[in-house]
Amino acid sequence: MNLLVTGGAGFIGSWYVRLIRRARPADSVVNLDALTYAGNMESLADLRDDAGHVFVKGDIRDTALVRTLIARHQVQAIVNFAAESHVDRSILSASPFIDTNVTGTLSLLEAARAGGVKRFLQVSTDEVYGSLGATGAFEETTPIAPRSPYSASKAAADHLVAAFHHTHGLDAVITRCSNNYGPHQFPEKLIPLMILNAFEGKPLPVYGDGLYVRDWIHVEDHCRAIDLVLRGGRAGEVYNIGAENECPNLDVVRAILRHTDRGEDLIRHVPDRPGHDRRYAMNAAKVRDELGWRPQHTFAAGLAATVDWYRSHPTWWERVRSGAYRDYYEQQYAERLRGVDPSKASPT
Ligand code: NAD
Ligand code: TYD
């Protein structure tokens, strides 16, 4: 199969591209990525000489470019990872989220339709379902109820994908996954941010009471599930993906402190994220029962291995943590960390 993978220089996309090239060497990958702050070609360094992986720097909103790529590379399937992906950034400014996540997805759908692409897989998120109370889990039938600009943009994209399936007969599937972690994640998200701050003995900024619950999955398990859905999922269906690893943020942070030999005195409760979703939990029975998917990483082992990866790859994250990221970090945390001992107040 010839695949067009979008956002393949990002965290999850780069894992997916690598998975395909290793596990399915007969498949070729065209990787279209705009290389925003989150795109990092160093995460794909091992594929530099791989003739089965063609990287194209470009924007998914460029429908003409996407159509050209589909024709030139005889693309049979599109897997759309490209997105603005960080909730906190969407609170600071929602427009880029609409531009890429909504308009960009529409552009891909139009190009897929015009180019006769056989299957379109939209990589979505559990956050489109909104927030849970103390019990229960999201099902594929749970009504969409996004609460952040990020999740609203992802929900809009999901609706467009469903609309192109129903209206135009496009063969499309949607995966909705819980929070990912693992090597190569940009250090704005909870786990890598806390790991790097712990390495450096800097404050670990925990939003609110820290009792917000996320359902963690190793990025490799997510990518294996996506690939099963791409090849075996039923057209027009949604597949939830999650590994049943619910954990309050404070417990995640404490585990990271243990793995880095740091004390809990580094924990800083900072003002909460506006509109912060209290709890996510996924029921992934459908992808398990229909497609035989099973997660292979436990959270305990996966988190320890992730800390080890960041410890042994300082060059990767030191290079990431510069430029635009630094500006963003200032904007995001300067206010929150006010009042903290100035010698410990700069987490970067
Ligand atoms: P990421 O931010 O690490 O990577 C996004 C990639 O998309 C980057 O390489 C970026 O350069 C690229 N991109 C952004 N705008 C683009 C555009 N207009 N055109 C082309 N490329 C563009 O994101 P991630 O964490 O790897 O997430 C990938 C996908 O998975 C997203 O769609 C996200 O909504 C979804 N998802 C993420 C998680 C998670 O925990 N990270 C969980 C569920 C679903
Ligand atoms: P994040 O990694 O941003 O993912 P998402 O918001 O998509 O779930 O955040 C995970 C959880 O960690 C979420 O409840 C917010 C919280 N959090 C903090 O407490 N401190 C931080 O510095 C960050 C980035 C997140």
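Treat the numbers as computed from the prediction; the structure is a model and nothing was measured.

### Observations regarding the packing of helix α8 (residues 249–259) against helix α10 (residues 299–312)
Thought 1: The interhelical angle for the contact between α8 and α10, taken along N-to-C directions, is 55°, at an axis separation of 10 Å. With respect to α10, the axis of α8 lies oblique. The element α8 and its partner α10 pack so that their crossing is right-handed. In this structure, α8 uses V252, A255, I256 and H259 to contact α10, whose residues at the interface are F299, A300, L303, A304, V307 and R311.
Thought 2: Of the residues assigned to the contact of α8 with α10, the class counts are 8 nonpolar, 1 polar and 1 charged.

### So, the site of ligand 1
Thought 1: In the region of ligand 1, 29 residues are neighbours, and I12, D33, S85, Y150 and K154 sit closest.
Thought 2: A distance of 3.0 Å separates a nitrogen atom of ligand 1 from a polar backbone atom of A34.
Thought 3: Taking 830 Å² as the accessible area of ligand 1 by itself, protein coverage stands at 97%.
Thought 4: Of all the elements in the fold, those that place two or more residues in the shell around ligand 1 are α1 (11–23), β5 (119–125) and α5 (149–168).
Thought 5: If you tally residues by element for the shell around ligand 1, the top one is β5, at 3 residues.
Thought 6: Looking at the shell around ligand 1 residue by residue, the classes come out as 13 nonpolar, 12 polar and 4 charged.

### Some remarks on empty space enclosed by the protein
Thought 1: Taken as a whole and assessed by the stated rule, the structure comprises 2 cavities of 30 Å³ or more.
Thought 2: By volume, the largest cavity amounts to about 50 Å³.
Thought 3: V87, I91, E127, R147, S148, R214, R273, P274, G275, H276, D277 and Y280 together form the lining of the largest cavity.
Thought 4: Looking at side-chain class alone, the lining of the largest cavity contains 4 nonpolar, 3 polar and 5 charged residues.

### Things to note about the side chain of R214
Thought 1: Among the secondary structure elements, R214 is positioned in strand β9 (residues 213–215).
Thought 2: No salt bridge forms around the buried R214; measuring N to O, its nearest opposite-charge neighbour E127 is 5.3 Å away.
Thought 3: Residues within four places of R214 in sequence aside, it is in contact with N179, N245, E246, C247, N249, R273, H276, D277, R278, R279 and Y280.

### Here's the deal with the confidence of the model for the protein
Thought 1: The predicted model of the protein averages 93 in pLDDT, with 93% of residues at 70 or higher.
Thought 2: Residue range residues 323–329 is modelled with pLDDT below 50. Its contacts to residues more than four positions away, or to other chains, number 19 contacts.
Thought 3: When the criterion is pLDDT under 50, residues 341–348 qualifies, and its contacts beyond four places in sequence or with other chains add up to 17 contacts.

### Here's the deal with unusual backbone geometry
Thought 1: Although it is not a glycine, H184 adopts a positive phi angle of roughly 75°.
Thought 2: Structurally, H184 can be placed in the loop between β7 (180–181) and α6 (190–199).
Thought 3: You will see that E244, though not glycine, has its phi angle at about 55°, which is positive.
Thought 4: Following the sequence through the fold, E244 ends up in the loop between β11 (238–241) and β12 (246–248).
Thought 5: According to the relative accessible area criterion, E244 is exposed, its value standing at 55%.

### As for α10
Thought 1: In this model α10 runs 20 Å from its N-terminal to its C-terminal C-alpha over 14 residues, within 8% of the 20 Å that 1.5 Å per residue would give.
Thought 2: Packed against the buried residues of α10 are β7, α6, β10 (217–218), β12, α8 and α11 (314–320).

### Examining helix α7 (residues 219–232)
Thought 1: In this model α7 runs 20 Å from its N-terminal to its C-terminal C-alpha over 14 residues, within 8% of the 20 Å that 1.5 Å per residue would give.
Thought 2: Of all the 14 residues making up α7, 10 are buried; the element is thus mostly covered by neighbouring parts of the structure.
Thought 3: When α7 is considered as a whole, its buried residues turn out to be V219, D221, H222, C223, R224, A225, I226, D227, V229 and L230.

Rules behind the numbers
- Residues numbered from 1 in each chain as written.
- Chains lettered and ligands numbered in written order.
- Predicted model: local features only at pLDDT ≥ 70, side-chain atom pairs only at ≥ 80, totals over all residues.
- Heavy atoms only, no water.
- Axes fitted to C-alpha atoms, helices over the stretch in contact; angles between N-to-C directions.
- Helix = DSSP H or I, 4+ residues; strand = E, 2+ residues; numbered from the N terminus.
- Parallel < 35°, antiparallel > 145°, perpendicular 65-115°, else oblique.
- Left-handed = near helix turned anticlockwise from the far one by under 90°.
- Contact = heavy atoms within 4.5 Å.
- Nonpolar A, V, L, I, M, F, W, Y, C, P; charged D, E, K, R; others polar.
- Near = heavy atom within 4 Å.
- Polar contact = N/O pair within 3.5 Å; in protein donor to acceptor, adjacent residues only side chain to side chain.
- Areas by Shrake-Rupley, 256 points an atom, 1.4 Å probe, with all protein chains shown as cover.
- 1 Å grid on protein atoms, 1.4 Å probe; cavity = no way out; pocket = protein on both sides within 12 Å on 5 of 7 lines; lining within 4 Å.
- Points joined across faces, edges and corners; volume = space filled by probe spheres on them.
- Buried < 20%, exposed > 50% of the residue type's maximum accessible area, 1.4 Å probe, protein only.
- Lys, Arg positive; Asp, Glu negative; His and termini not counted.
- Salt bridge = Lys/Arg side-chain N within 4 Å of Asp/Glu carboxyl O.
- pLDDT = per-residue confidence, 0-100.
- Expected span 1.5 Å × (residues − 1).

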